[in-house]
Amino acid sequence: MTSGITPPSDGTAGVDLSGRTAMVTGAGSGIGRACAQALAAAGALVHVVDLDAAAAKSVAESVGGRAHVVDLAEGRLVAELPTDIDILVNNAGLQHVAPLAEFPVERFELLQRVMVQAPFLLIRRTLPHMYARGWGRVVNVSSVHGLRASAFKAGYVTAKHALEGLSKVAALEGAPHGVTSNCVNPGYVRTPLVERQITAQAAAHGIDPEQVVGEVMLSRSAIKRLIEPEEVADVAVWLCGPHTGYISGASIPVDGGWSAA
């Protein structure tokens, strides 16, 4: 189901981030890579953070940024990342699907470390710089699963709901200092993570990948296509622009109408 594909956009219309420094986690592929590219196109210097060294280096070279190879599940390693950041995009994430009664404890804990603890540590480290400059943007790539639940995704849904709360606290505390904090909430995005889910579900259910997309993933979406990473990145850059300084503590659905039902 790929009807209604949105034309490509560089996501930077009206947004000039010259002189700003951004950090994007999970920036080696998918949404993170698209965010790094869009922020760089708007003029920002981008710190590209990823567990995959080759991917981080490739993206950093392509955007004229700086690569950082860090396992965000190891909280102590966050201290290796720079603090002089004006724009923080918390994007890194992973998925595990299992019934709640069988969900591996170690996988649940891993998801919380990467998608809750790491954003907390990064916000905590970068806010003083933002406060000192009187301007900052925290963009948390959440999910429609930060607003809605799905069966078999206890770790992911829990982490995304926690990220929503963290984002709102950062919004309240950052407001007097010119810092906004918001969540972007996409549905299923055409990323390597989702492509692997499509393949796995097709094998598990004995159906074609197209059926997985149309009948499983998009069953609750009014717009029957996967979201492109660039569309999510466009929203992230828009939240850093001159007309969105009064938007804070919000969750912006980019879910094809999923959460409208």
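Residues numbered from 1 in each chain as written. Predicted model: local features only at pLDDT ≥ 70, side-chain atom pairs only at ≥ 80, totals over all residues. Heavy atoms only, no water.

Summing up its helical and strand segments, the protein has seven helices and seven strands in all. Going from the N terminus to the C terminus, the protein shows its helices and strands as β-α-β-α-β-β-α-β-α-β-α-α-α-β. Whereas a compact globule of 261 residues would reach a radius of gyration of roughly 18 Å, the protein reaches 18 Å, a difference of no more than 12%. The C-alpha extent of the protein, read off along each of the three principal axes, is 55 × 40 × 35 Å. For the protein, the residues scored as buried account for 52% of the 261 residues in total. Taking the contacts inside the protein whose residues are at least 6 apart along the sequence as the reference set, 69% of them involve residues at least 24 apart. (Helix = DSSP H or I, 4+ residues; strand = E, 2+ residues; numbered from the N terminus. Rg over C-alpha atoms; globule rule 2.2 N^0.38 Å. Buried < 20%, exposed > 50% of the residue type's maximum accessible area, 1.4 Å probe, protein only. Contact = heavy atoms within 4.5 Å.)

On to the pattern of salt bridges. For the coordinates displayed, the defined rule picks out four salt bridges. For D86, the salt bridge goes to R133, with nearest N and O atoms at 2.9 Å. Here D86 is found in the loop between β3 (66–69) and β4 (87–90), whereas its partner R133 is found in helix α3 (residues 105–133), with 47 residues between them in sequence. What makes D86 buried here is its relative accessible area of 0%. Among the ionic pairs, K168 bridges to E164, the shortest N-O distance being 3.7 Å. (Salt bridge = Lys/Arg side-chain N within 4 Å of Asp/Glu carboxyl O.)

Taking 1.5 Å as the rise per residue, α3 with 29 residues should run 42 Å; its terminal C-alpha atoms sit 41 Å apart, in good agreement. The sharpest bend along α3 reaches about 35 degrees and sits at R113. (Expected span 1.5 Å × (residues − 1). Bend = angle between axes of the 7 residues up to and from the residue.)

Applying the stated criterion to the full structure yields two aromatic pairs. With a centroid separation of 6.3 Å and an interplanar angle of 85 degrees, the aromatic rings of F103 and F108 are classed as edge-to-face. Relative accessible area serves as the criterion here: at 10%, F103 is assigned to the buried category. (Phe/Tyr/Trp six-rings, centres within 6.5 Å; stacked < 30°, edge-to-face > 60°.)

Attention now moves to the side chain of Q197. The residue Q197 is located in helix α5 (residues 192–205) in this model. A relative accessible area of 11% means that Q197 is categorised as buried. Those residues in contact with Q197 that lie beyond four places of it in its chain are Q95, K153, Y188 and M217.

Relative to each other, helix α1 (residues 30–41) and helix α7 (residues 229–238) sit at 50 degrees, their axes nearing to 8 Å. If you check the angle between α1 and α7, you find them oblique. Crossing of α1 over α7 shows right-handed handedness. Two secondary-structure elements touch here, α1 through G30, I31, A34, C35, A38 and L39 and α7 through P229, E230, V232, A233, A236 and V237. Of the residues contributing to the contact of α1 with α7, the split by class is 10 nonpolar, one polar and one charged. (Axes fitted to C-alpha atoms, helices over the stretch in contact; angles between N-to-C directions. Parallel < 35°, antiparallel > 145°, perpendicular 65-115°, else oblique. Left-handed = near helix turned anticlockwise from the far one by under 90°. Nonpolar A, V, L, I, M, F, W, Y, C, P; charged D, E, K, R; others polar.)

The element α7 is extensively covered by neighbouring structure, given that seven of its 10 residues are classed as buried. Against the buried residues of α7 lie α1, β5 (136–141), β6 (179–186) and β7 (251–254).

The next thing to look at is the side chain of E164. Looking at the secondary structure, you find E164 in helix α4 (residues 154–174). Classification of E164 as buried rests on a relative accessible area of 5%. A distance of 2.7 Å separates the side chain of E164 from the side chain of N185, its partner in a polar contact. Here E164 is in contact with S142, S143, G146, L147, C183, N185 and S251, once residues within four sequence places are set aside. (Polar contact = N/O pair within 3.5 Å; in protein donor to acceptor, adjacent residues only side chain to side chain.)

Right, let's get into the pairing of β3. Pairing analysis gives four bridges linking strand β2 (residues 45–50) to β3, with the strands arranged parallel. Bridging from a neighbouring strand, D50 pairs with V69 of β3. Tracing the backbone out of β2, into helix α2 (residues 53–63) and back to the parallel element β3 gives a crossover that is right-handed. (Pairing = 2+ DSSP bridges. Right-handed = clockwise from strand over helix to strand, strands pointing away.)

None of the figures reported here should be taken as evidence of function without further support.
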